[in-house]
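Spelled out from the first residue to the last, the chains are:
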Amino acid sequence: MKEIYNTLSKLQVVLAKMFKVEDEIKEIPMALADKEAVLQKTKITYLELHEKSEKVKEELKTLRIRLDEAGVKRETCEKMMETITQAREFETLQKEIEEAKNAEQTLRKGLIAKEKFYDELNAKLSIQEEIMAQQTEEVEEETKVKDQLVAEKQAVLDQIIAEKDELAKDFDQNLLFKFERIIRNKGGLGIVPIHGIVCEGCHMTLPAQFVNDVRRSTTMESEGIREEDDIHFCPYCSRVLYYEESAEDQHFDNLFTAEDEDEIEDENAENDDFISSGDFGDLDSI
Ligand SMILES: [Zn+2]
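Attention here is on the structure that accompanies the text. (Residues numbered from 1 in each chain as written. Predicted model: local features only at pLDDT ≥ 70, side-chain atom pairs only at ≥ 80, totals over all residues. Heavy atoms only, no water.)

### Thoughts on the overall build of the protein
Alright, step 1. A tally of regular secondary structure across the protein gives seven helices and four strands.
Alright, step 2. Start at the N end of the protein and walk to the C end: the helices and strands fall as α-α-α-α-β-β-α-β-β-α-α.
Alright, step 3. Scored against the burial criterion, the 286 residues of the protein give a buried share of 33%.
Alright, step 4. For the protein, restricting intrachain contacts to residue pairs at least 6 apart in sequence, the fraction spanning at least 24 positions comes to 76%. (Helix = DSSP H or I, 4+ residues; strand = E, 2+ residues; numbered from the N terminus. Buried < 20%, exposed > 50% of the residue type's maximum accessible area, 1.4 Å probe, protein only. Contact = heavy atoms within 4.5 Å.)

### A closer look at the pattern of salt bridges
Alright, step 1. Applying the stated criterion across every chain yields a total of 19 salt bridges.
Alright, step 2. Here Glu142 ties to Lys35 by a salt bridge, and the two come within 3.4 Å at their closest N and O atoms. Of this pair, Glu142 sits in helix H3 (residues 87–167) while Lys35 sits in helix H2 (residues 29–83); the two residues are 107 residues apart in sequence, bridging distant segments of the chain.
Alright, step 3. Note that Glu245 is salt-bridged to Arg215, the shortest N-O span being 3.4 Å. (Salt bridge = Lys/Arg side-chain N within 4 Å of Asp/Glu carboxyl O.)

### Details of the coordination of the zinc ion
Alright, step 1. Surrounding the zinc ion are the protein donor atoms Cys199 (SG), Cys202 (SG), Cys234 (SG) and Cys237 (SG), at 2.3 Å.
Alright, step 2. For the zinc ion, the four donor atoms are set out with angles of 106 to 114 degrees between them, so the coordination reads as tetrahedral.
Alright, step 3. Of note, the zinc ion draws all its donor residues from one chain, in the sequence arrangement C-x2-C-x31-C-x2-C. Of the two residues, Cys202 is situated in the loop between strand S2 (198–199) and helix H5 (208–219) and Cys234 in the loop between strand S3 (232–233) and strand S4 (240–243); the sequence distance between them amounts to 32 residues. (Donors = N, O, S within 2.8 Å, 3.2 Å for Na, K, Ca; no water. Tetrahedral: all angles 85-135°; square planar, octahedral: opposite > 155°, others 65-115°.)

### Considering the sheet that holds strand S1 (residues 191–195)
Alright, step 1. Ordered by their spatial adjacency, four strands build an open sheet running S2-S1-S4-S3, and the pairing between neighbours is mixed. A single partner strand is all that each edge strand has here, and the edge strands are S2 and S3.
Alright, step 2. Sheet analysis places S1 next to S4, joined by four bridges and oriented parallel. Each bridged residue has a counterpart across the sheet, and for Val192 the counterpart in S4 is Leu241.
Alright, step 3. Across the sheet, H5 touches S1, S3 and S4, and the angle it forms with S4 is around 75 degrees. (Pairing = 2+ DSSP bridges. Axes fitted to C-alpha atoms, helices over the stretch in contact; angles between N-to-C directions.)

Below, the structure is given as structure tokens:
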């Protein structure tokens, strides 16, 4: 039976390493994800500015056409002025020329303002373009670093998994699965001894009969390591338990296992002290 506990102890170390590397691999892309999110935001801003710029470009085209039209109209009227003879016609033309001039003036003002706006937009656009190029470069660089790190960690992980598979090659899959879960949930400590009648994992006092069973399994002679049925789990913290002699065990020893009445007699005085000192649950019922 001892061999399976040794194997579980070794497996515990390997599994804890495996989970650590697995977590490290999961954390690697985080820095990159942040940079990618920033780049995505920059791209959206760039596209919005670009769309606005295109719209303003169209508006500028329309304004220029209207300005040209107003100019042509004014010139036409001015030419007609040279040929008219009647005062009424003169007044009408004079008015039309005036209107065309006003329109030209308004349009020109609008055009200048819009051109200024267009230039500002394009300046922003080129700044955004620079930022985008820089961020893209950073993301590419970070991706390279990430890929390399992941590859390195993966190689380490593969080695650990091979180690784990070798250790657990004769294990029942259910036991392995359960043990992995315990290691993950209990901070890497999945197999602990019982000292006296206390689980050294959670320090809870265990039922005496249960301790006796664990003790029997622990000391049992065995050929191989396929004794999963004899593996005991702490009813409080779920860790695998094995029995380990400790200083305070001398007091319990005979109570649990000795068949020699005399020995029990000899220990009685000490046992009395011990039992009266505390919290031993089922011990009294033995
Ligand atoms: Zn426990």
